[in-house]
Each structure stands twice: as structure tokens, then as C-alpha cells.
Amino acid sequence: MATISYAEYRAMRRFPALDGLRAIAAVIVVAFHFGGPRWTWLSGWVGVQLFFVLSGFLITTLMLREEESRGRVSLRSFYVRRIFRILPVYLVVLAATYALAHLNGASTRLRESMPYYLLMVNEFAPNQAFPHSWTIAIEWKFYLVWPLLAFVFVRAAFLRRMAVTVLAIAALVALIPFEKDWPYWPIHYVSILVGCLLAVVLHHPRGYALFRPLTSPVASLAVLVGFVAVHLALPYWPPAADGHAESMIGVYAVAVALLLPAMLAPGLPTKVLSWRPLVWVGERSYSLYLVQYLAMATVIALVPSYAGHSTRLFVATTVVGLLAADLLYRWVEQPMIGVGRRFSGRGKVVPGTPTATPNSPIPAESPTPERSELSERTVPAMPVLTPGGDRR
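As the structure is a computational prediction, the values presented were derived from the model and not from experiment.

### Considering the overall build of the protein
Phase 1: Across its full length, the protein holds 15 helices and 0 strands.
Phase 2: Sequence separation of at least 24 residues holds for 73% of the intrachain contacts in the protein that already meet a minimum separation of 6.

### A closer look at the packing of helix α2 (residues 16-34) against helix α3 (residues 47-70)
Phase 1: Look at α2 against α3: their axes get within 8 Å of each other, and the N-to-C directions meet at 150 degrees. Regarding the angle of α2 to α3, the classification is roughly antiparallel. In this structure, α2 crosses over α3, and the sense of that crossing is left-handed. On α3, the residues that touch Leu18, Leu21, Arg22, Ala25, Ala26, Ile28 and Val29 of α2 are Gly47, Val48, Leu50, Phe51, Leu54, Phe57 and Leu58.
Phase 2: Residues that form the contact of α2 with α3 fall into these classes: 12 nonpolar, 1 polar and 1 charged.

### Focus on the packing of aromatic side chains
Phase 1: Summed over the entire model, instances satisfying the criterion amount to 17 aromatic pairs.
Phase 2: A centroid spacing of 5.5 Å and a plane angle of 50 degrees characterise the contact between Phe142 and Tyr143, whose relative ring orientation is tilted. Pair check on accessibility: Phe142 and Tyr143 agree, each one buried.
Phase 3: Just above the ring of Tyr9 sits the side chain of Arg65; from NZ or CZ to the centre is 5.3 Å.

### Notes on the pattern of salt bridges
Phase 1: On inspection of all chains with the given rule, the structure shows 10 salt bridges.
Phase 2: Salt-bridge contacts for Glu68 lead to Arg10; the nearest nitrogen and oxygen are separated by 2.0 Å. Of this pair, Glu68 sits in helix α3 while Arg10 sits in helix α1 (residues 6-11); the two residues are 58 residues apart in sequence, bridging distant segments of the chain.
Phase 3: On the accessibility criterion, Glu68 (28% relative accessible area) is partly exposed.

### Side note on a nonpolar patch on the surface
Phase 1: Nonpolar side chains collect at one region of the surface, where Leu221, Val225, Leu268 and Val272 lie side by side and expose about 350 Å² of accessible area between them.
Phase 2: Among the secondary structure elements, Leu268 is positioned in helix α12 (residues 268-273).
Phase 3: For Leu268, a relative accessible area of 54% corresponds to the exposed category.

### A word on the confidence of the model for the protein
Phase 1: For the protein, per-residue confidence averages 86 on the pLDDT scale, and residues scoring 70 or more make up 85% of the total.
Phase 2: Overall, residues 347-373 carries pLDDT values under 50, and its contacts beyond four positions in sequence, including any with other chains, amount to 112 contacts.
Phase 3: Predicted confidence is poor over residues 375-392, with pLDDT under 50, and the contacts of this stretch with residues over four places away or in other chains come to 137 contacts.

Cut-off values and rules
- Residues numbered from 1 in each chain as written.
- Predicted model: local features only at pLDDT ≥ 70, side-chain atom pairs only at ≥ 80, totals over all residues.
- Heavy atoms only, no water.
- Helix = DSSP H or I, 4+ residues; strand = E, 2+ residues; numbered from the N terminus.
- Contact = heavy atoms within 4.5 Å.
- Axes fitted to C-alpha atoms, helices over the stretch in contact; angles between N-to-C directions.
- Parallel < 35°, antiparallel > 145°, perpendicular 65-115°, else oblique.
- Left-handed = near helix turned anticlockwise from the far one by under 90°.
- Nonpolar A, V, L, I, M, F, W, Y, C, P; charged D, E, K, R; others polar.
- Phe/Tyr/Trp six-rings, centres within 6.5 Å; stacked < 30°, edge-to-face > 60°.
- Buried < 20%, exposed > 50% of the residue type's maximum accessible area, 1.4 Å probe, protein only.
- Lys NZ or Arg CZ within 6 Å of the ring centre and 35° of its normal.
- Salt bridge = Lys/Arg side-chain N within 4 Å of Asp/Glu carboxyl O.
- Patch = residues over 30% accessible without salt bridge, like charges linked within 9 Å, V, L, I, M, F, W, Y side chains within 5 Å.
- Areas by Shrake-Rupley, 256 points an atom, 1.4 Å probe, with all protein chains shown as cover.
- pLDDT = per-residue confidence, 0-100.

Below, the structure written as C-alpha cells:
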């Protein structure tokens, strides 16, 4: 059956199925945190790895397209947009978390870790007062380093950029220690870099040709079925001797990378993942991820009998979390994204002219973070979800 050509891929301004994937990842993370034993089969902890791969893929694709259409990547504009995308909601939720802890007389632990949370080294905080925020810190540091590594030190060179990405992955794998008590943070950057590597490969015509067979409707359905099988098999993965699961996370990240090209195809999987309610949740997944513990506390305060991990706590937390996430999305996320665009000097997107030539111009960056549009307002959804995983 028909596949998506390279020119069609490069002309895409939006990847609608990715919002659906993001929505599912966010909800299974909430299930992991609050659903109890009945939901362990979902392996919700790995949802953050899906977010990490998505982030690497979308951010790198946007920068590659900006570089080709404008001649270079504006680091100033990129960092300004990231700051206004990530920090406003993060700081609002952190402040609300501190206020709640203070009212409950439990702010001491949060104060001890506050310097870590403000400096975005959350994964090294001495306690778990803001437990799931470590994934945001992982992504933040990635955003600081990756553009320099891939778009300043390496300019418009496919093979060199691929080599740098592969070497970065290898270096991070080498950093994974054998000591059981060490925080195994390198593997999460590996997941993001797997998404980056996919973006680099797909951006080149010969690289895209390798994945093009996955973009037929039949192949996309087969890939999705295979991915679901891999996901559901995670609980049966042989346990590591030290209790960590780096190899499993690595395999899962590769599975996500194979899934993403298949989700470009206009078949049944894309239609399902582009279902408007799923897209709605996906657009709010960053706020949902951040606010989930506050939502849980609200649920238990209103209905004390819901205390304890259970299906009803998971469902109620998801509903309350989505209500709060919608408010944050409307009143914090979107307005601050707009401010970031204005400060970055990128109010308008220069449209690309899709052609079949390898060097055809591409639509400049523009999507909203957490929406899967390739435009300035489109930035990957944060991680967002947790452990593991953020995402985060």
C-alpha cells in the first residue's frame, strides 16, 4: 500500500498521533503512581521514557528544519522559548506544593530540597518532597546542552551529526555505574538521544528511505501491535541483579523510535491516536504530570476514604488533575508560550515550500510544546512523567 514520501514527510507541519501517545503516557504514569497493584500490568513507570523519546525527536526535528530554512539555529530564540515553555507552570506548581506543605506543617523536607528544585538538579535532591519533578530537570539539562552539541559544534553535516549523537549515547551508556545505590540518570538521556537520532536520520533522504516502509497503513498497524506487545511484556523482563532496568529502558526507547515513523501513516492507528479527546489530554499532559500529586492530595482531602492506592484514587486523581491542568494550560502555559515567542523575536513562522529535492526548505519551527505540530508553538510535551520515568 502507499507510503509517505520524503517530500510529504518534510512538508508535514503536524504529527497528530503524537498527542495521543502523549496522553496515554501521561495517564499510565498517574496509574503507576496511584492505581495500586491492579494497574502494575500497565508498566506506567515507563511512560516517561516515551515522553523522553518524543521530546528528543520533536525538538531535534524543529531545529533541523529551522537550520535548513533559515541557515542556522538561533540559540537565543530557542532558549527563550524553552524558558517560557517549561518554567512558568513548573514554578506555579512548585509554589502550590510548598504552600500545601506549609499548611500541613510539613514544609521542612521541601525547604531542604528547594535549592535543587530551583537549580533544576531535582534528581539529586536529598528527599522526595516533589518526587516526580526529576524528569523535568532531566529534560531541562538536555535542552541546555543538546543545541550546542548538535547545532553549534556540528553544522549542517548529516554524517557528523549522526556520529556525535551515537557517540553521546555510547558515552552515557559507559557512565552507567555498577553500584546499586547510584542514581542511574544517564539512561534517561539515552532515551532522549534515541529520539534525537531518529530525527537526524529521518531528516536525510537516504535515512528516511530506511523507515519509509513503516509508513504504509498496514505496516503502521503491525508496528503498533508489536509495540503494544513489547509494552505489555515489560513486567516479564528478566530482573536485573541490582534491581535497575537500564537494558529494558534502552530496548523500550528503541521500540518507541520504531513506532514514531509508523504513526505518520494515515491509517487506523493514527486516526485513533488523533481522536480529539486524546489530543485534548495530550496538549495538557505537561500540566497534568506536574499537578498530579496536588490532585491526589485534593482528592483525599475531599474524600478521605479514597486514601490508599486504588483504582478509584487513580481515576479521581486523573479527573481532578485534568481540571487543574486545563486551567494551567489556558492561564499559564499558553500565555507564557506567547510571551516567549514575542521575546524570542519569532512571532511568525516562515512557511516552507515542499519539493521532492533533498534540500527543499522546510516549515520553520512553530508548534506549541506538547502539541505535535512542527511550528514555533509546537514544543514537545513535557515529560513529562516517572520511575521511573518523568516524565517524566
